[in-house]
Amino acid sequence: MPTIPGSYNKKIRNIRNKMIALGLNETLSYILINDKEVKKFTNDEFEEVKLLAPMTEDRNTLRYTLITSLLKIYEYNIAHGNRNISIFELGKGFFKKNGEYGEELKLCILMAGEFYTGINAKRNVDFYIIKGIIEEVLNSMEYENRYSFVVPKNPIKELHQGQSAEIILNRKKYRNYWKITPRSNKR
């Protein structure tokens, strides 16, 4: 049988490596969520993608944002006594717009408790630590001086109004998340 060559996206691999080097742990979560959660943490207009025959009603819709999935991992860790959480996921969100199905690769970071900044050095996680991590990732991808963080004009109701921001990259808004659009799989 003929073989199909795999793809290796160096940009995505570099993002993963950068996040791990910054002290975050990668996690993989379910892409199926409850349909009541799919419209949370976004103001975007889209139709959810529901399964025709779900095995359970708790997981009957494809996720749009990764935040709800990471919140479940956070709740699990808190229930088991882990208060210092620094995780990220690089995964897909699914949607239907104008009758067409689509998917976007998204990066989501969730941090709580204390963040270890070096040997015997730690700080409580706040907005600025997460902002610094995002800046490090953007700078490593050669977007330095091409992005800014602005106060959202239409804030997402589930986010803290004084501690959330929109990322403007090349004068284009990326709402409270950063979309990755690879130019090519080869580099």
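Residues numbered from 1 in each chain as written. Predicted model: local features only at pLDDT ≥ 70, side-chain atom pairs only at ≥ 80, totals over all residues. Heavy atoms only, no water.

(A) Focus on unusual backbone geometry. You will see that Phe41, though not glycine, has its phi angle at about 65°, which is positive. By the element assignment, Phe41 lies in the loop between strand E2 (32-33) and strand E3 (49-50). On the accessibility criterion, Phe41 (14% relative accessible area) is buried. Even without a glycine there, the phi angle at Asn120 is positive, about 55°. Position of Asn120 among the secondary structure elements: in the loop between strand E7 (114-118) and strand E8 (121-124). (Helix = DSSP H or I, 4+ residues; strand = E, 2+ residues; numbered from the N terminus. Buried < 20%, exposed > 50% of the residue type's maximum accessible area, 1.4 Å probe, protein only.)

(B) Representation of the packing of aromatic side chains within the structure. Applying the stated criterion across every chain yields a total of four aromatic pairs. Aromatic side chains Phe46 and Tyr64 sit 3.9 Å apart centroid to centroid with 15° between the ring planes, which places their arrangement in the stacked category. You can see Phe46 sitting in the loop between E2 and E3 and its partner Tyr64 sitting in the loop between strand E4 (61-62) and helix H2 (67-79), a full 18 residues away along the chain. For the pair Phe46 and Tyr64, one class covers both residues: buried. With 5.3 Å between their ring centres and 90° between their planes, Phe127 and Tyr128 make a pair best called edge-to-face. Feature note: the residues Phe46, Tyr64 and Phe95 constitute an aromatic cluster, connected by ring pairs. When the ring centre of Phe46 is taken as origin, the NZ or CZ atom of Lys39, which lies over that ring, is 4.2 Å away. (Phe/Tyr/Trp six-rings, centres within 6.5 Å; stacked < 30°, edge-to-face > 60°. Lys NZ or Arg CZ within 6 Å of the ring centre and 35° of its normal.)

(C) Structural detail: the nonpolar core. Formed by 21 residues in total, the largest nonpolar core has its most connected members in Ile15, Met19, Leu24, Ile109, Met111, Phe115 and Ile133. Where this core is concerned, the elements lending two or more residues are helix H1 (10-21), strand E5 (85-97), strand E6 (100-112), helix H3 (127-140) and strand E10 (166-169). (Core = buried A, V, L, I, M, F, W, Y, C linked by side-chain atoms within 4.5 Å.)

(D) Examining H1 more closely. If you check H1, its first and last C-alpha atoms are 16 Å apart, about what twelve residues at 1.5 Å a residue would give, namely 16 Å. With a side-chain oxygen lying 3.0 Å from the backbone nitrogen of Lys11, the N-terminal cap of H1 falls on Asn9. Two residues or fewer past H1, Gly23 is found with a positive phi of approximately 100°. (Expected span 1.5 Å × (residues − 1). Polar contact = N/O pair within 3.5 Å; in protein donor to acceptor, adjacent residues only side chain to side chain.)

(E) Fine view of the pattern of salt bridges. This model, assessed by the stated rule, comprises nine salt bridges. Residue Glu37 is joined to Lys72 by a salt bridge in which the shortest nitrogen-to-oxygen separation is 2.8 Å. With Glu37 in the loop between E2 and E3 and Lys72 in helix H2, the pair connects residues that are 35 residues apart, well separated along the chain. Here Lys72 falls in the partly exposed class, since its relative accessible area comes to 36%. A salt bridge links Glu114 to Lys122; its shortest N-O distance comes to 3.4 Å. (Salt bridge = Lys/Arg side-chain N within 4 Å of Asp/Glu carboxyl O.)

(F) Structural context of the environment of Leu110. Looking at the secondary structure, you find Leu110 in strand E6. Classification of Leu110 as buried rests on a relative accessible area of 13%. Taking C-alpha positions, Leu110 is 7.9 Å from Leu71, a pair spaced 39 residues apart along the chain. Residues within four places of Leu110 in sequence aside, it is in contact with Leu70, Leu71, Tyr74, Ile85, Ser86 and Ile87. (Contact = heavy atoms within 4.5 Å.)

(G) Region of interest: the packing of H1 against H3. For the pair H1 and H3, interaxial distance at closest approach is 10 Å and the crossing angle is 140°. Between H1 and H3 lies a crossing whose hand is right-handed. On H3, the residues that touch Ile15, Lys18 and Met19 of H1 are Ile133, Glu136, Val137 and Ser140. Residue composition of the contact of H1 with H3, by class: four nonpolar, one polar and two charged. (Axes fitted to C-alpha atoms, helices over the stretch in contact; angles between N-to-C directions. Left-handed = near helix turned anticlockwise from the far one by under 90°. Nonpolar A, V, L, I, M, F, W, Y, C, P; charged D, E, K, R; others polar.)

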